[in-house]
Each structure stands twice: as structure tokens, then as C-alpha cells.
Amino acid sequence: MAISHWKSPPVAHNLCCYRALHTTTTRTTSSTLSLSQRPLRYAVVGAGFAGLSVAWHLLNSSGKDLGLHIDIYDEVGIGGGASGVSGGLLHPYSPKGKLLWQGAECWNECLKLLSIAEAAAPQNFNGSIVQRRGILRPAMNLKNLLILNDNAQNCLASCRIETIDQVAAQNLASNLCLPFNSAFYMPEAVNIHPQHYLQALFLACENLVKELPYSGLGVKELHLHKKSIHKLLDFEGEYDAVVVCLGAKADLLPELSGRLPLRTCRGVIAHLQLPDDMGEDYPDHGPSILSDAWLAFQGPRSLYMGSTWEWKSRNSSPNVSADESYSALQELLPKANVIYPAIKNWTFTGAKAGLRAMPPLTPHGSLPLLGCINDVIGGNYACNYWLFGGLGSRGLLYHGWLGKLIAQAMLCSNEEIIPTELTSWKKIKQ
């Protein structure tokens, strides 16, 4: 199907999807409730951007008359993997300023989820979820300047790209330097605190369950299990569908090991603070920065700096050793200093790391991997197994729309709901 003609299907017919699902995937036994009465049981494996987006959309798209039981499994809990240590810089553009594949749809759906999470966060919530300060991308060489300038002409109205000079940049933050006296400013772009956002999105899922009926056919349940999953087939007979949202750890499941076209890359992010007796506060309206090193400002005296790229690493631990921290600072600080020389006044307070799952390059860019994986894992199963992975370094942008797509596909047991650009990975020989 050509993506230019693709439209999101209506979800008002979910009872029809429900019947279709059970007609094709559920075994009938005399000891179970009739298929029209019992709730659907889904397992979501992973509680990062992908997993929580799927959980929200399953609950929100299933309607009031469809019973639904969702179990989320994550050995660490909410945001324990790479999602929880991401930089949180959100915009729909490539490093060259080009609108990404389906960037408008992804941008809009992500903003919707952010609003939902913010609305769910209580007044005493620990920390802000979104910093609305814009993002600045300086031109680093003449070729880069020309390419960015051309692509900026085709920006979204809802996420504008403005070309500004050094004077305008220093009106935003006085210590900024532009090597080519030109930068591309995205005033509507935002900076997310990933852990706060994911915690709030899970609260939104819980709130949605509470708002729906406690009895009758449409009852909803949601449970989080801090538990490691060692085999997908352990779920067989217990769930109607299982979706794998484990990022780089998906390859650790024996049914998927060596069968996914993913590359792994470990990234280290440093946290820096400005001492109380040192330097000038970074202004509240000052932008975060995208350059050879990015700076995600969390407040006037707090920022995250990233990121390193250690390809082929299998180390998924968020913990960073002293040697790894030192190497990261040696790599990142000189890059950051070019744009923000005042970085020399900031003090390193710690580092964290995540293991990215990088998808293959396609004619449309590096796109995540979605789809039903029963054929990939082999065998004839009563349960439908699905994958939502390979988000790479753009998980925040992609998670809203793609989580909605795969939730609809699961509810309807119909992979054709998903654009073929996202399922074509299954044709790649491993």
C-alpha cells in the first residue's frame, strides 16, 4: 500500500475487530467463557516509550464495551531501559533539517501523549515533564549551512524553523556562539524529562482504567510486573496477544535472537550543574542545543550533555564507570564548548547510559520495526506475537503514532493497518 494514500483506520468497530481476533487466534475450550464474554488479555513486554504508548492506546482505542486485561512486564520498571536515559529533545527533523518520514503525524501524536501525561501528573509531582524552551541547531560548516537553509523552507507550521544570526541567538542566551553566524531555531520544539514523562504516562493509563466501568463486558485492568521475561513462548495459552517493546534487549529472547535486523549502540549522557557561586544562570527562555554534542537544559543550573556512540556494544547497564565517564567528557566537552563556551563553568555530577536498538537504513530513512512476528519465530500459535522495536535515537518522536498503529493492529488482528514501510524489515535476510 502506498503511504501517500494511507489513512488511520477508524476504531469505532473494535467489537468487530475483537470477534475477528478470536475467530482466528483463540482456542475454544469448554472451561472458558464464551468468546463474546471474556476480556482480551494482552501482555506488553517493556515499559519504555514504546511499551507505555501501546498500553495507553490499547486502553484508549478499545472502547467502553470491550473487556481488556493488560499486563506490562519490565524487569526494572517504568523507564528502566534506554528510554529513561534519553536526551528528551523532541522535534520532527533530521540532522540536516529535513522533515522525517511521516514527521507531521509523529509530531502531532507525540504532543497529544505529552498533554495526556501532563494532565495526569498530580500537583505534587516530582519535577517538570516538559521544558518549552525551543531547540537551536547551529550551522557547523558552509555545506551544512546551505543544506539546513534549503530544508528549513519545508518546515511544519506547528514546528517552525527560523534562521537566526549570532545577535539573535545571544538574545536567547548570552553565552551562545555560532561558528558561521547562523543557526536554525525551532521555537516550538521541546525538551522532555523522560523519566518524569513515562511515570506520568503510566499514571494516565491507570487513570483511564479507573474512569471506565468496573463491571460488565467493558471492564479494563492494568498491571505492572517487575519481572524478567526469558522466553516469549512462556506466554502461550495465557494471552491473546503479546507485543515485544524491549529495544535492544529483544535480541536476548531466544525466539528472536539473530532474527532482527538491528544494530546496537551504547550512548553515555553526562549530567552537569552550575555551582551556586559560579557563572550566570542559563535563562528560562534559553534554547536547548543540537550540535556535534547536544545540551538539554533542565533548568537555570542543570543540564544533560550527550551523547557518545559505542557501536556493537552489548552493555545495557545504565551504570557508567569512572573511566567511561572520563572518556565521555573528553569527547563531549570540546564539542559543546564550541557553541556554549560557558560550559567550562559547569561541574560534572554523574553519568548514565542506554543501549540503543538501531534499525536498518531504508529509502525513507532509518525506520522502526513493527508487525506480527508469528512467522519470524516459527510455529502455529494460539497467541499473536507482535514487535514494536528499533526506535534508535528517535523513540520519543515515533512512540506516539506507532504505538497507536500497533495497538489498532493488535485489537483487529490485522497487520495491514501498519504501513508497509514499517513491516518490510521482515523481508531482510538475516
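Above: the structure in question.
This write-up is about the structure you can find in this document. Only a predicted model underlies this, so the values are computations on that prediction, with no experimental measurement involved.

**Examining the packing of aromatic side chains**
Thought 1: Applying the stated criterion across every chain yields a total of 12 aromatic pairs.
Thought 2: Note on Tyr73 and Tyr239: the rings are 6.5 Å apart at their centroids and 90 degrees apart in plane angle, and the pair reads as edge-to-face. With Tyr73 in strand β2 (residues 68–73) and Tyr239 in the loop between β9 (220–225) and β10 (241–244), this residue pair connects regions lying 166 residues apart in the sequence.
Thought 3: Taking the relative accessible area as the measure of exposure, Tyr239 reaches 4% and is therefore buried.
Thought 4: Note on Phe235 and Tyr239: the rings are 5.4 Å apart at their centroids and 75 degrees apart in plane angle, and the pair reads as edge-to-face.
Thought 5: Joined through ring pairs, the aromatic side chains of Tyr282, Phe297, Tyr340 and Trp346 make up one cluster.
Thought 6: Taking the ring centre of Tyr304 as reference, the NZ or CZ of Lys352 above it sits at 4.2 Å.
Thought 7: Cation over ring: Arg356 sits above Trp309, and NZ or CZ is 3.8 Å from the ring centre.

**Digging into the sheet that holds β2**
Thought 1: Spatially, β9-β2-β1-β10-β20-β19 is the arrangement adopted by the six strands of the open sheet, whose pairing is mixed. Pairing within the sheet leaves two strands with one partner each, and these edge strands are β9 and β19 (369–372). When the angles between neighbouring strand axes are averaged without regard to direction, this sheet yields 15 degrees.
Thought 2: In the sheet, strand β1 (residues 40–45) pairs with β10 via four bridges, with the strands oriented parallel. Of the residues in β10, the one forming a bridge with Tyr42 is Ala241.
Thought 3: Contacts from helix α6 (residues 194–211) reach β2 and β9, with the element oriented near 150 degrees to β9.
Thought 4: This element, helix α9 (residues 395–412), spans β1, β10, β19 and β20 (384–389) of the sheet and lies at about 170 degrees to β20.

**What to know about the pairing of strand β7 (residues 183–186)**
Thought 1: Burial along β7 is two-sided: the face carrying Ala183 and Tyr185 and the face carrying Phe184 and Met186 are both buried.
Thought 2: For strand β5 (residues 135–138) and β7, the ladder comprises four bridges, and the chain directions are antiparallel. By the bridge assignment for β7, Ile135 is matched with Met186.
Thought 3: Of the pairings in the sheet, the one linking strand β6 (residues 162–164) to β7 comprises three bridges and is antiparallel in character. What sits directly across from Thr163, in β7, is Phe184.

**What to know about unusual backbone geometry**
Thought 1: Look at the link from Gly306 to Ser307: it is a cis peptide, with omega at -15 degrees.
Thought 2: Within the secondary structure layout, Ser307 lies in the loop between β14 (302–306) and β15 (310–311).
Thought 3: A positive phi is found at Gln102, a non-glycine position, where the angle reads about 55 degrees.
Thought 4: Tracing the backbone through its elements, the reader meets Gln102 in the loop between β3 (89–90) and α3 (103–120).

Cut-off values and rules
- Residues numbered from 1 in each chain as written.
- Predicted model: local features only at pLDDT ≥ 70, side-chain atom pairs only at ≥ 80, totals over all residues.
- Heavy atoms only, no water.
- Phe/Tyr/Trp six-rings, centres within 6.5 Å; stacked < 30°, edge-to-face > 60°.
- Helix = DSSP H or I, 4+ residues; strand = E, 2+ residues; numbered from the N terminus.
- Buried < 20%, exposed > 50% of the residue type's maximum accessible area, 1.4 Å probe, protein only.
- Lys NZ or Arg CZ within 6 Å of the ring centre and 35° of its normal.
- Pairing = 2+ DSSP bridges.
- Axes fitted to C-alpha atoms, helices over the stretch in contact; angles between N-to-C directions.
- Contact = heavy atoms within 4.5 Å.

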